[in-house]
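Structure at a glance
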Amino acid sequence: MTLERGSLFEPQLVKDLVSKVKGKSSLARLATQKPIPFNGQKEFTFTMDSEIDVVAESGKKTHGGMSLAPQTMVPIKIEYGARISDEFMYASDEEQINILEAFNDGFAKKVARGIDLMAFHGVNPRSGTASAVIGSNHFDAKVTQKVEMPLGMASPNDAVEAAIAQVNGSDGDISGMVINPAFRSALAKQKDLQGNAMFPDLAWGNAPSTINGLAVDVNRTVSDMNALRDRAIVGDFAESFKWGYAKEIPMEIIQYGDPDNSGMDLKGYNQIYVRVEAYLGWGIMAPENFARITEATA
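For the structure given in this document, a descriptive report is provided here. Note that the structure is a prediction, hence the values are computed from the model and not measured.

**Thoughts on the overall build of the chain**
Helix and strand counts for the chain come out as seven helices and 16 strands. Taken across its 298 residues, the chain has 44% of its residues classed as buried. Within the chain, contacts between residues at least 6 apart in sequence are counted, and of these 76% link residues at least 24 apart. Here the chain displays about 16100 Å² of accessible surface, and carbon together with sulfur accounts for 51% of that area.

**Some remarks on the sheet that holds strand β11 (residues 214–218)**
Overall, mixed pairing links the six strands, which are arranged β8-β16-β12-β9-β11-β10 in an open sheet. Two strands in the sheet have a free side with no partner beyond their single neighbour: β8 (146–149) and β10 (210–211). Relative to strand β16 (residues 290–295), strand β12 (residues 230–235) runs antiparallel, the two being bridged by five bridges. Among the inter-strand pairings, V234 is bridged to a residue of β16, identified as A291. Running over the sheet, helix α6 (residues 181–189) touches β8, β9 (176–179), β11, β12 and β16 and is turned about 105 degrees from β9.

**Comments concerning α6**
Along α6, the residues classified as buried are F183, R184, A186 and L187. The buried residues of α6 occupy one face: seen down the axis, they fall within an arc of 160 degrees. On its buried face, α6 is in contact with β8, α5 (156–169), β9, β11, β12 and β16.

**Description of the pattern of salt bridges**
Under the definition given, this model contains 12 salt bridges. A salt bridge links E277 to K77, with the nearest nitrogen and oxygen atoms 3.9 Å apart. In this pair, E277 is assigned in strand β15 (residues 271–284) and K77 in strand β5 (residues 76–85), connecting sequence segments 200 residues apart. In this structure, D224 engages R113 in a salt bridge whose closest nitrogen and oxygen atoms are separated by 3.0 Å. Within this pair, whereas D224 is found in the loop between β11 and β12, its partner R113 is found in helix α3 (residues 93–121), the two being separated by 111 residues in sequence. Overall, the relative accessible area of 21% leaves D224 in the partly exposed class. R113 sits in the partly exposed class, given a relative accessible area of 31%. Because the salt bridges share partners, they merge into one network encompassing E79, R126, E252 and R275.

**A look at the pairing of strand β14 (residues 250–254)**
Most of β14 sits inside the fold, with four of its five residues counted as buried. Bridge analysis of β14 against β15 gives four bridges, and the strand direction is antiparallel. Among the inter-strand pairings, I253 is bridged to a residue of β15, identified as V274.

**Description of the pairing of β12**
Counting buried positions along β12 gives six out of six residues, so the element sits mostly inside the fold. Direction of pairing for β9 relative to β12: antiparallel, over a ladder of four bridges. By the bridge assignment, I179 is partnered in β12 with A232.

**Points about the packing of aromatic side chains**
For the structure shown, the criterion picks out eight aromatic pairs. Taking 6.5 Å as the distance between ring centres and 20 degrees as the angle between the ring planes, the aromatic pair formed by F103 and F107 counts as stacked. Here the residue F103 and the residue F107 both occupy positions in helix α3, the gap between them amounting to four residues, near one helical turn. Ring centres of F237 and F290 lie 5.1 Å apart, and the angle between their planes is 70 degrees; this geometry places the pair in the edge-to-face category. Residue F237 is located in helix α7 (residues 237–240), and its partner F290 is located in strand β16; the two are separated by 53 residues in the primary sequence. Of the two residues examined, F237 and F290, each falls in the buried class. One aromatic cluster in this structure is built from F120, F139, F237, F241 and F290.

Thresholds, definitions, all that
Residues numbered from 1 in each chain as written. Predicted model: local features only at pLDDT ≥ 70, side-chain atom pairs only at ≥ 80, totals over all residues. Heavy atoms only, no water. Helix = DSSP H or I, 4+ residues; strand = E, 2+ residues; numbered from the N terminus. Buried < 20%, exposed > 50% of the residue type's maximum accessible area, 1.4 Å probe, protein only. Contact = heavy atoms within 4.5 Å. Areas by Shrake-Rupley, 256 points an atom, 1.4 Å probe, with all protein chains shown as cover. Pairing = 2+ DSSP bridges. Axes fitted to C-alpha atoms, helices over the stretch in contact; angles between N-to-C directions. Arc of directions from axis to C-beta. Salt bridge = Lys/Arg side-chain N within 4 Å of Asp/Glu carboxyl O. Phe/Tyr/Trp six-rings, centres within 6.5 Å; stacked < 30°, edge-to-face > 60°.

So this is what it looks like as structure tokens:
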């Protein structure tokens, strides 16, 4: 039943939630996603150390070598709760479903933004400060390749090319790029040698899904809550970053007490509390396959 304490989101609501998250999160849109168990999952990165060998007839075969690097994706718990009028308890089933669907829509937007903020910058999205739970499992800590770009730089395209060159120099591939709105505007203003817009698809605030054939997502999460002033991140999102969620998403309808520690008793204020939790995990499989474009420090 919908109102049972500790019930779970219905599978269709979970599917709808994840679909909406993919529509709002840069990482969810550009990277590989699959469900992960509550106790975590170990992913392995295989690296062949040598090239293939040509062997003559009756010739000697030699060792090629392979490196194996494990990466554990451990899900962390996130939650969101809100107080609403206890009239919810007396509404028809249809109205209750409408309210919960609206809550699901809002929760999806918060989860989408939260995934980016946590994995990009290692922060607790609610406080905006570094999270000890996340530790160093984020782009700002692990991705050391970067290109500094002063504000007003005449050629943001050069910064992108320099970042791509760093990834290519580490034998990495490029599958996508995340840029913040200010960097999008800088690219939109760039002119070619004939004085024409180099990226006309970016005019008037447009945010196309691809630029020059590269998957691109415009999202302020790349720079929000970030002391290092990231402006863009480019790299192999398709293979070198993975994320997942646990299928079961607990939901509670709490009728008593002070579950949000606000000092206001629910019964005393004719309210109930809706709380939803989710378990998310991610891993940066190969940090050298990414580069960050940051605002210059001086």
